[in-house]
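# Chains, contacts and geometry: an overview
The chain contents come next:
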Amino acid sequence: VHCWACVWVEGKMTDPFVEHAIQASLMSFLDKKLLVILRDGQNLVGTLRCFDQFSNIVLENVSERETAGALYCDTKVAGVYLIRGENIVIFGDLDPTLESSSMQKASHNDLKKHEQKLKDQGISPQKNFEDD
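This report concerns the structure included in the present document. In every chain, residue numbers begin from 1 and rise along the written sequence. For this predicted model, a pLDDT threshold of at least 70 governs which residues receive local features, and a threshold of 80 or more governs which side-chain atom pairs are given and counted, while totals over whole chains, interfaces and linings are taken from all residues. Note that the side-chain values use all heavy atoms of the structure and ignore hydrogens as well as water.

All right, on to unusual backbone geometry then. Of note in the backbone geometry, Asp31 takes a positive phi value of approximately 65° without being a glycine. Only DSSP runs of H or I reaching four residues or more are called helices, and only runs of E reaching two or more are called strands; each is numbered from the N terminus. Tracing the chain through its elements places Asp31 in the loop between helix H1 (16-27) and strand E3 (33-38). Although it is not a glycine, Asn61 adopts a positive phi angle of roughly 55°. As for its position among the elements, Asn61 is in strand E5 (residues 57-68).

Salt bridges, as used here, are contacts in which a Lys or Arg side-chain nitrogen is within 4 Å of a carboxyl oxygen on Asp or Glu. With the rule as written, the count across this model stands at six salt bridges. Between Asp31 and Arg49 there is a salt bridge; the shortest N-O distance is 2.6 Å. Pair noted here: Asp31 is in the loop between H1 and E3 and Arg49 is in strand E4 (residues 43-51), with a separation of 18 residues, a long-range link. Using a relative accessible area of 46% as the deciding quantity, one classes Asp31 as partly exposed. A salt bridge links Glu60 to Arg49; the nearest nitrogen and oxygen atoms lie 2.6 Å apart. Taken together, the residues span a long stretch of sequence, with Glu60 in strand E5 and Arg49 in strand E4 at a distance of 11 residues. For Glu60, a relative accessible area of 27% corresponds to the partly exposed category. Classification of residues uses two cut-offs on accessible area relative to the type maximum, computed with a 1.4 Å probe and protein chains only: under 20% is buried, over 50% is exposed, and between them is partly exposed. Taking relative accessible area as the criterion, Arg49 reaches 27% and is therefore assigned partly exposed. A single salt-bridge network, built from bridges that share partners, covers Asp31, Arg49 and Glu60.

Moving on, we come to the sheet that holds E4. Here, any two strands with at least 2 DSSP bridges between them count as paired. Overall, mixed pairing links the six strands, which are arranged E7-E3-E4-E5-E6-E8 in an open sheet. In this open sheet, the two edge strands, each paired with only one partner strand, are strand E7 (88-93) and strand E8 (104-105). Inspection of the sheet shows E3 paired to E7 by five bridges, in the antiparallel sense. Each residue of the ladder has a partner; that of Ile37, found in E7, is Ile90. Residue contacts are counted whenever heavy atoms from the two residues lie within 4.5 Å of one another. Each axis is a line fitted through C-alpha atoms, taken for helices only over the stretch in contact, and angles between the N-to-C directions span 0 to 180 degrees. Packed on one face of the sheet, helix H3 (residues 108-120) meets E5 and strand E6 (71-83) and runs near 55° to E5.

Bridging between E4 and E5 involves six bridges; their strand directions are antiparallel. Across the sheet, the residue bridging to Leu44 is Glu64, located in E5. Where E4 hands over to E5, the hairpin turn is made up of five residues, of which Ser55 adopts a positive phi near 65°. Bridge count between E5 and E6: 11 bridges; the pairing is antiparallel. What sits directly across from Ala68, in E6, is Leu71. Adjacent in sequence and paired antiparallel, E5 and E6 are bridged by two residues, among which Gly69 carries a positive phi angle near 65°.

Here the expected length of a helix is defined as 1.5 Å per residue gap, with one fewer gap than residues. In this model, H3 (13 residues) spans 18 Å end to end at C-alpha, consistent with the 18 Å of a helix rising 1.5 Å per residue. Buried within H3 we find Leu111, Glu115 and Leu118. The buried residues of H3 occupy one face: seen down the axis, they fall within an arc of 60°. Residues of H3 that are exposed and point over 90 degrees away from its buried face: Asn109, Lys113 and Asp120. Where the residues of H3 are buried, they touch E5 and E6. This arc corresponds to the set of directions leading from the helix axis out to the C-beta atoms.

Dropping the structure here:
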């Protein structure tokens, strides 16, 4: 599914070079499971369904991923998310084989206990990119 209507802005086609560059860079991620890190520090996991020339993206089956050290917990937050491109810090596709070898899935309670343990040791478990 492509958002071909997204390439039109106020009835005009966007710059073909910019449109091609964005499509080439994001096209390979369509229908793949992504981890998206936002400026406010949120980590979202979902399937990329659509994008436009401003790098706004639509994710489906979205979960918020919380991490603490090598532990993570995914909490379902929405069926579909529209994310403005200016709020995206970085994203990438998730390789299930690497994900399971480097991170350990935990319950929400275990994650919070581990997060508190890290805080007690003076280690920050999260990074907020808006402060930079």
